[in-house]
Every structure is written in structure tokens, then in C-alpha cells.
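So you can see what is in the structure, the chains are spelled out below.
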Amino acid sequence: MDHFQLKNGVLHAEDVPLSAIAEAVGTPVYVYSRATLVRHARVFREGLSALDQPHLAFAVKANPNLAVLSVLQKEGYGADVVSGGELTRALAAGMAPADVVFSGVGKTHAELVQGLESGIGQFNIESEEEGYELAAIARRLGKTAACALRVNPDVDARTHEKISTGKRENKFGVPLDRAGAIYAALAAEDGLDMRGVAVHIGSQLGDLEPLESAFTKLGALIAELRAAGLSVTHADLGGGLGVPYKPGEVMPSPADYGAMVARVTSGWDVRLTFEPGRVIAGNAGILLTRVIRSKRSGNGPPFVIVDAAMNDLARPAMYGAWHDIEAVAPNGNRMTSHVVGPICETGDTFAMDREIDALAAGDLAVFRTAGAYGATMASSYNSRGFVPEVLVDGDRFAVVADRIPADAIMDAERVPDWL
Ligand SMILES: *Cc1c(COP(=O)(O)O)cnc(C)c1O
């Protein structure tokens, strides 16, 4: 459930008409609903209520906006970060260092130092090599790094191949059959406190079965490690729960997910961490756009050209993803059209042959489910600026990220004087 609903014929974010935001801030603009973020954060937590004190770490890469992180911090969420930049954001949003988990297959030396000096709660180690490097840095700094070993369970998450992370051929984690030996080797290193194991098999998962299969393998690994005399007090089950993008699409609920987790992890005797991203933020945001003009296309449906493009919302171009398109002030008529952005790429296409609300030049429309992997994936391709972001709370709203115009990006460029 979200708080983007029609009221008196106009689509609102909570109690604010989207037309008012377009007027005040311009388009395109991302709009987030605080009430929806809070609701999703609580529904996810309630889904895990059978577990003892789970640690919830929002996957910052899904939506790193400081205001969004602050909303989740107030809901008791920590952060799962995958770069030094994300770590800086999580701390700036008020998250306690101890509540931060640092994931990522290519943490640099500087990022490992930053994590140690910040006193983060856990490093998810993705290779033996990374473990030795972190141990050496920790010894030099006189610190101990709390670590989980990320394993690659070799399961097919049955999602888009570009967001599948738990197959043997994917770059993430260490192979399950080597995990015991690597864990033992790293546990013997001064500077490391090997305290657990981690998995994350992919994103936008519509099926609990691959997750259950990965968790079952993790449980067997925990037993194997303990049998070898190693200590395991923590397990990180990652993120990945999918959200509905299309009307009628049904995804496993946080309650179903939580019940499965409770069943599979019963008897593990560890503290569990979860790293939800999309399921918290996806349906808490929309991308608001204005129609530039419509263009006839031979005998086919017209092209509706909007002012948002693939640089603002990359998912359709990257993954062939579907985003629902709705008029902000629907007049009741429907039309079949292609919906495209202005960028000079055929990939800059949001929908082909889609039945949508009738839209004409100047009309406002939204792309739904744009709160996760939306603004954060933006680029300035075609010398377009970065889209602003707005957070709505009841009948008030605030710009929580300024528009960065194309000339501000150009200002960071130099022509050398020898040219
Ligand atoms: C991306 C990512 C997540 C979040 O995935 P969602 O599908 O958005 O829940 C969690 N953990 C790790 C390690 C990730 O890379």
C-alpha cells in the first residue's frame, strides 16, 4: 500500500497534489512519501516479529537520499552500505556506526580504513584476499574488525540476470565449498573478529524458494563451522524481496518471508541481520514528469514524449523494467501509445504499445514505483542535469535534493590552457 492516491480527480502524494509540486519545483522531479516509507519499514519489521532482535540495515544503494535515510533511522533502521560515499551518508543521516554493515566486492584500501576508523558494526568480507588486507589495516590501526564472510550459495534467484548475485558465476562472495577453510583462516588472523556468515542472492525476487534454498545452505555452513570449533554468533540474510511494479503482480509479503525465515533459521542461535532496500523504498516514490508533445508514428500508436528520460530513471533501459504510467489529472479517456524520453537513444523508452490515461502536451504524469533504484542511478547523459527530489509529509513537502542544472556540471570541467 502507498500514499499516492487520486483525490478530487488529482493524484496526490499524501495530502499534497502533485500538480502543486510540479508548479513549485518544476519537472521532472522525484517525489517520496514519508508515510509510505514508514509504513513499509514497519510492515517489514512486523514480518520478522517471530525473530529475536533482528538487525535491520536499509540497503542505502536503493535510495541514498539523506532525508530518506533519516526517516528510516528514526524507524530504528541501520544501513547496509557498499561504498565509502554511502557510509558517509549513513553516518550523516544519524545512523549509529555500530548499526552499519559494509558490503561490496571491491572495497578499496581507503574504504576499509574509513570503515574501521568510523567504528562500523560489521564488514561483510567477499574474498579471502579482502580479509587479509582488512586484518593488516586493523592491526596497524590497533582495531578489531567485526566480520561476516559472504558466501555465494550458487542458487538461481529467478530474477533479471543483471540483478542476480548468488550464482557460482557471479562475482559476489566466496564459493560455499571453500567457505569453511577461508573462515577458519581468517578467524586465525589478529585484527579480525570473524563472527558470522552472510548471503545476498539478488534483487526483485518474486519467489521465496531460492531464498529458502540459500538460507538452508547457510544453516548447514554454520553447523559445519561450529563442528570445526569456530564461533558463529551472527548471520546476515541480505535483501532482495521484490515489489509489485505492474497492477495485479503479487509478491511474497514480508509476513510470508518472515515466517519462512523463522522456520529455516530456528535453532541457529545467532543474531540475524536483514538488508532490505527495494521493498522499503520502491513504492514510496514516483517520478513526476510533464508531456512535451505527442508525435504521430505512421499508422502505429503515437509517441508521447515526456521530459523525463533514461538518464533520470534508468531501469526500463537497463533491465527492460515496467513502471506504471498514470496521468496526474486523468480525464477518464484512455489511449494506446509509446512513452519515450527526449534522449537520442532508442533505449530511452518507458513503454511501447501501452494502454495509459490519455495524455496531451503539457499534461503531468507519473512513473510509479520509482523510489528505489531511481534517482540514485541517474546520470547527466545528453547534458541533462540531475533531477531534484522532494519528500512529502502529510500536507507539507520539502525539496530534499536540489536540481543540479547542466551548467553546474559543466562548471566542473576545464579546458587546459595548452589547447
Ligand atoms: C542491493 C543489495 C541489497 C538490497 O537489495 P534489495 O533487492 O533492494 O532489497 C542488500 N544487500 C546487498 C549486499 C546488496 O548488494
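Labelled according to an unreviewed UniProt entry, the protein appears under the name Diaminopimelate decarboxylase, originating from Pelagerythrobacter aerophilus. UniProt, in its Sequence similarities (unreviewed entry) section for the protein, records the words "Belongs to the Orn/Lys/Arg decarboxylase class-II family. LysA subfamily." On record in UniProt, under Pathway (unreviewed entry), the comment for the protein is "Amino-acid biosynthesis; L-lysine biosynthesis via DAP pathway; L-lysine from DL-2,6-diaminopimelate: step 1/1."

Draft legend 1. Expanded view of the site of the ligand. Among the 15 residues in the neighbourhood of the ligand, the closest are listed as K61, S203, E275, R278 and Y373. K61 places a polar side-chain atom, nitrogen or oxygen, 2.7 Å from an oxygen atom of the ligand. Between the ligand and the protein, one listed contact pairs a nitrogen atom with a side-chain N or O atom of D80 at 3.3 Å. Considering the ligand on its own, with 390 Å² of exposed area, one finds that the protein chains cover 94% of that surface. Each residue belonging to the shell around the ligand can be placed in one class, and the counts come to 3 nonpolar, 7 polar and 5 charged.

Draft legend 2. Quick peek at the nonpolar core. In this structure, F44, F123, F215, Y257, W268 and F274 are the most contacted members of the largest nonpolar core, which totals 102 residues. At 8 residues, the largest contribution of residues to this core is made by helix α8 (residues 208-227). Residues lining this core come from more than one domain, with at least three contributed by each of domain 1 (4-32 + 282-410) and domain 2 (34-279). Ignoring anything within four residues of it in the chain, the contact list for F44 reads L56, Y77, L241, P254, Y257, F274, P276, V279 and I280.

Draft legend 3. Region of interest: empty space enclosed by the protein. For the structure shown, the criterion picks out 1 cavity of 30 Å³ or more. Computed from the structure, the largest cavity encloses a volume of approximately 40 Å³. Of the residues belonging to the lining of the largest cavity, the class tally is 5 nonpolar, 4 polar and no charged.

Draft legend 4. Summary view of the pairing of strand β9 (residues 145-152). With respect to burial, β9 is a largely interior element, 8 of its 8 residues being buried. Of the two faces of β9, the one carrying A145, C147, L149 and V151 and the one carrying A146, A148, R150 and N152 are both buried. Two elements, strand β8 (residues 122-125) and β9, share 3 bridges in a ladder whose sense is parallel. Directly across from F123, in β9, lies its bridge partner C147. Read as a crossover between parallel neighbours, the route from β8 over helix α6 (residues 128-141) to β9 is right-handed. Where β9 meets strand β11 (residues 192-198), 6 bridges bridge the pair, whose relative direction is parallel. Bridge assignment links A145 to a residue of β11, and that residue is L192.

Draft legend 5. Layout of the packing of helix α5 (residues 109-118) against α6. Running from N to C, α5 and α6 cross one another at 50°; their axes reach a closest spacing of 10 Å. One finds that α5 runs oblique with respect to α6. Classified by chirality, the crossing of α6 by α5 is right-handed. Within the contact between the two elements, α5 uses H109, L112, V113, L116 and E117 and α6 uses E130, E133, L134, I137, A138, R140 and L141. Residues belonging to the contact of α5 with α6 are distributed by class as follows: 7 nonpolar, 1 polar and 4 charged.

Draft legend 6. Main features of the domain arrangement of the protein. Here the protein is partitioned into domain 1 (4-32 + 282-410) and domain 2 (34-279). Centre-to-centre, using C-alpha coordinates, domain 1 lies 32 Å away from domain 2. In this assembly, 23 residues from domain 1 lie in contact with 23 residues from domain 2. When domain 1 packs against domain 2, close to 2,100 Å² is buried across both sides, 56% of that on carbon and sulfur atoms.

Draft legend 7. Representation of α8. The end-to-end C-alpha distance of α8, which contains 20 residues, comes to 29 Å, matching closely the 28 Å that a straight helix rising 1.5 Å per residue would cover. Every buried residue of α8 is listed here: L208, P210, L211, A214, F215, L218, G219, L221, I222 and L225. Where α8 is buried, its residues contact β9, α7 (176-187), β11, β12 (234-236) and α9 (254-265). Between the side-chain oxygen of the N-cap and the backbone nitrogen of E209 there are 3.2 Å, and the N-cap of α8 in question is D207. Two residues or fewer after α8 comes G229, characterised by a positive phi angle close to 85°.

Rules used throughout
- Residues numbered from 1 in each chain as written.
- Predicted model: local features only at pLDDT ≥ 70, side-chain atom pairs only at ≥ 80, totals over all residues.
- Heavy atoms only, no water.
- UniProt positions renumbered as here; feature names shortened; annotations may be inferred.
- Near = heavy atom within 4 Å.
- Polar contact = N/O pair within 3.5 Å; in protein donor to acceptor, adjacent residues only side chain to side chain.
- Areas by Shrake-Rupley, 256 points an atom, 1.4 Å probe, with all protein chains shown as cover.
- Nonpolar A, V, L, I, M, F, W, Y, C, P; charged D, E, K, R; others polar.
- Core = buried A, V, L, I, M, F, W, Y, C linked by side-chain atoms within 4.5 Å.
- Buried < 20%, exposed > 50% of the residue type's maximum accessible area, 1.4 Å probe, protein only.
- Helix = DSSP H or I, 4+ residues; strand = E, 2+ residues; numbered from the N terminus.
- Domains from an automatic or database assignment.
- Contact = heavy atoms within 4.5 Å.
- 1 Å grid on protein atoms, 1.4 Å probe; cavity = no way out; pocket = protein on both sides within 12 Å on 5 of 7 lines; lining within 4 Å.
- Points joined across faces, edges and corners; volume = space filled by probe spheres on them.
- Pairing = 2+ DSSP bridges.
- Right-handed = clockwise from strand over helix to strand, strands pointing away.
- Axes fitted to C-alpha atoms, helices over the stretch in contact; angles between N-to-C directions.
- Parallel < 35°, antiparallel > 145°, perpendicular 65-115°, else oblique.
- Left-handed = near helix turned anticlockwise from the far one by under 90°.
- Buried area = accessible area lost by both parts, 1.4 Å probe.
- Expected span 1.5 Å × (residues − 1).

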